[in-house]
Amino acid sequence: MLKHLLTGAAPAAVLIACTAAAAQTTPPSNPTAAASPSGPAAATNVAELVVTATKRRQAVVNVPGPVTAITGAQINALHMNETRDMLTLVPTAFMQEINAGTARDISIRGIGTEQLFGEPGVAMYVDDVFSNDFISYPTQFYDLERVEVLRGPQGGLYGRDAVGGVINFISQQPTPDLGGYLRASYGNWERYELEGVANLPLDAQSGMRILAWRTNQYKGEYYNAFLHKWIDKNDSTGGRIVYHRNLTDRISVNLIGEVQDGDGPGTNLFFPASGETKTTIMFDTEPRNHFNTNRLAAEVTWDTDAGTFTFVGGYRDYWLHGVEDTDLSAVASAQIILNRTNHVRSYYGEARFLSHDFGPLNVMAGIDFLDSDAVGDLFSNGVGTAALVHAPFTLTFANGQSLKSWAPFVEGTLHITRTLTLIGDLRYTNDQKHVDFVFTPSPEFTLLVPSFTPASEITTRTFSHTSPGVTLAWQPDDNWRLYAKVQSGFRAGGFNFNVAKVADLPYDQETFWNYEIGVKRRIPTGYVALTGYLLRQSNVLTPEFDLSVAGSIGSYLANTGAARNWGVEAEGSIAPLPGLTLTANAGWLDSKFTSGTATFYGNLAGKEPFDARPFTASVVADYRRPLIGDTDLLFNGSYSYRASGWGDAANTFPLGELNLLNLDIGVDLHHRVEITAYGENLLNSTPVVAFGGFRPPNSTGVQEQPGRQYGIQVKAKF
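Worth saying up front: this structure is predicted, and the values here are computed from it rather than measured. (Residues numbered from 1 in each chain as written. Predicted model: local features only at pLDDT ≥ 70, side-chain atom pairs only at ≥ 80, totals over all residues. Heavy atoms only, no water.)

Caption draft 1: Main features of the pairing of strand β29 (residues 541–545). In terms of burial, β29 is largely enclosed, as five of its five residues are buried. Both faces of β29 are covered, namely the face carrying Leu-541, Pro-543 and Phe-545 and the face carrying Thr-542 and Glu-544. The pairing of β29 with strand β30 (residues 555–559) spans five bridges and is classified as antiparallel. Across the sheet, residue Pro-543 finds its bridge partner in β30, namely Leu-557. (Buried < 20%, exposed > 50% of the residue type's maximum accessible area, 1.4 Å probe, protein only. Helix = DSSP H or I, 4+ residues; strand = E, 2+ residues; numbered from the N terminus. Pairing = 2+ DSSP bridges.)

Caption draft 2: Structural context of the environment of Gly-266. Mapped onto the secondary structure, Gly-266 falls in the loop between β16 (251–265) and β17 (288–303). Residue class for Gly-266 comes out buried when judged on its relative accessible area of 0%. The spacing of Gly-266 and Glu-286 is 20 residues in sequence and 8.0 Å in space, taken between C-alpha atoms.

Caption draft 3: Up close: the nonpolar core. Core analysis: the biggest nonpolar cluster contains 28 residues, and Tyr-125, Tyr-158, Val-166 and Tyr-527 have the highest contact counts within it. Mapped by element, the contributors of at least two residues to this core are β3 (67–71), β6 (122–126), β7 (129–130), β20 (361–382), β21 (393–415) and β28 (526–538). Grouped together as the second largest cluster of nonpolar side chains are 22 residues, Met-80, Val-90, Val-126 and Phe-169 included. (Core = buried A, V, L, I, M, F, W, Y, C linked by side-chain atoms within 4.5 Å.)

Caption draft 4: Representation of the side chain of Glu-276. By the secondary structure assignment, Glu-276 is in the loop between β16 and β17. The class of Glu-276 is buried, set by a relative accessible area of 7%. Among the polar contacts made by the side chain of Glu-276, one reaches the main-chain amide nitrogen of Phe-271 at a distance of 3.1 Å. Separated by 3.1 Å, the side chain of Glu-276 and the backbone nitrogen of Met-282 make a polar contact. Sequence-distant contacts of Glu-276, defined by excluding residues within four places in its chain, comprise Phe-270, Phe-271, Ile-281, Met-282 and Arg-695. (Polar contact = N/O pair within 3.5 Å; in protein donor to acceptor, adjacent residues only side chain to side chain. Contact = heavy atoms within 4.5 Å.)

Caption draft 5: Quick look at the pairing of strand β42 (residues 709–717). Of the pairings in the sheet, the one linking strand β10 (residues 179–187) to β42 comprises seven bridges and is antiparallel in character. Bridging from a neighbouring strand, Gly-187 pairs with Gly-711 of β42.

Caption draft 6: Highlighting the environment of Trp-480. Within the secondary structure, Trp-480 sits in strand β24 (residues 480–491). Owing to a relative accessible area of 34%, Trp-480 belongs among the partly exposed residues under this scheme. In the structure, Trp-480 is positioned 42 residues away from Arg-522 in sequence and 6.5 Å away in space, judged by C-alpha atoms. Among all residues touching Trp-480, those that are not within four sequence positions of it are Trp-474, Gln-475, Val-519, Lys-520 and Arg-521.

Caption draft 7: A look at the side chain of Thr-542. In this structure, Thr-542 sits in strand β29. The buried category is assigned to Thr-542, whose relative accessible area is 1%. Of note is the side chain of Thr-542, whose polar atom sits 2.8 Å from the side chain of Thr-560. Beyond its immediate sequence surroundings of up to four residues, Thr-542 is in contact with Tyr-556, Leu-557, Ala-558, Thr-560, Phe-593, Leu-604 and Ala-649.

By themselves, these figures tell us nothing about what the structure is for.
Okay, structure coming up:
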């Protein structure tokens, strides 16, 4: 189905959230041991970067599975505050952001989120807290220590919806030194950004880190010639406080609180078949979204003689209020305006224990819990359509959904020999989903369009799934790590939001089996890794259309058949010269439906899912060298390629290939003041990344990749 920019029940939602703080890491015994931004995150030898992807601290080269770590230094140098930019550095990963950031499709290995408010295909965590159960929240991230991306199903340690993979955004923790920085930038589209960080050691056992930011963009690429306004203008204001304290030499606490308030565009699209361009858009109503997000989190770790207990808790709250021009035109006789209110609130907790080695064996065991509520309320009113000339009408949607999920899990690691290790994991998940749904068309509308009839449903469904996995790892010496693994996963079942009929509400869970082999190799100043995988998918969720219901509310998710994805991924990093680090990756993917029939699309066998990009590649260069005295030359660059794909299951709407070139060059004066010029998407690669909306007689709206951006940045460190 089309990637609808107006998919019904409102982008709403989501949340924001809570986060457990030190990102699954075991806090240092005292604040002076905390890693600084110039420490591990900027290590020359990326192979030794410590990650917590397996809920324990390991060098990235030692993790027996495919994991990509993006350091805070890379994120800062390349101005990657948006998730879509960070994911260009991950093989087979892609993110398209539609409905102006209220709907995000993050896909890895061809598995993504099929529809707004559908269960995600990639699990997102923010500081160890699951953060995209109903819909992912705005993805601006500042002052990060690193981002970790696990690829492939992670049903054992992460569970529900971690089928394409897992992304964990890890906030920078307090460091032992008093200091901070101020950053200001100004670029085209009259965009400015301000960011400030203060790092405050409070005493020998505690520290605090305070972040604040403000962005504002007055212009853009999408201009409404009817209203004489830039559609994609936006602003964002937010702040975060991270507090760490060692209560004893064995117990530590980490607390995080963050708020964000923003205003942005609604639907960013234009209709080329109608002769429209991005600067001649003709809507009579300005599409706008205002969102507010809050998150709180706590993590407590307790080291004992037997092992380490970790307790994570998080709360997140997201509000969105929006207005859309549903008829997508300036025709007064067909004016339809949609008002939406979305609210998502959730509580997440996890308790786990990681034992010390008892002879050749260690065990991790835990349980997590998620309690989440989402409301999608829509009110649509208009004066007519082609079938209802000058007939006023209203449509009201109220779709409230709740989820209570609990899942115990266990992982055992057995060292069979000094070089051979067997890892087994098992998780049981129980989901209880409840829906309270009401659709109310006005009487005059029902008389003229009989298919639009009042509907309501209050019901509860229970889903359960057991996810086993096993990994065999061989480490013949300190430089080689080889592994073979079989891992299951599942995408939870649930209820659609964007429907007008009770029959279109429910869908069942998907199941996945992943077979994988890989090798990692330390090399001087870096590492290389190669992975091959086969991913089998059953009960595939596919967007469908109910043709008895007009418009985007006829779109819904349904289980249609089976698919298989297989491919090869390569990545590595090396520092060939003093001050120069090169990081590169590539992924090749063959993704096909193997069976299945969709009501709207017909036979799907042999078709490519619309979340797949057959080939991806990227390379990053980071270079710093002394120039004159205490002045350093700074150079950072990245190139990313994403092959073309499809915007629908029938493979009729092509998405263009993407070529992104980002460069940053400047100087660091006395290691105190950085002055840089930056350019993003310098090749101005703007392929179509989404389809949506419709204008009679036969015109579909499109959205393109953001174009060339450039500017100047000054960063003062103190």
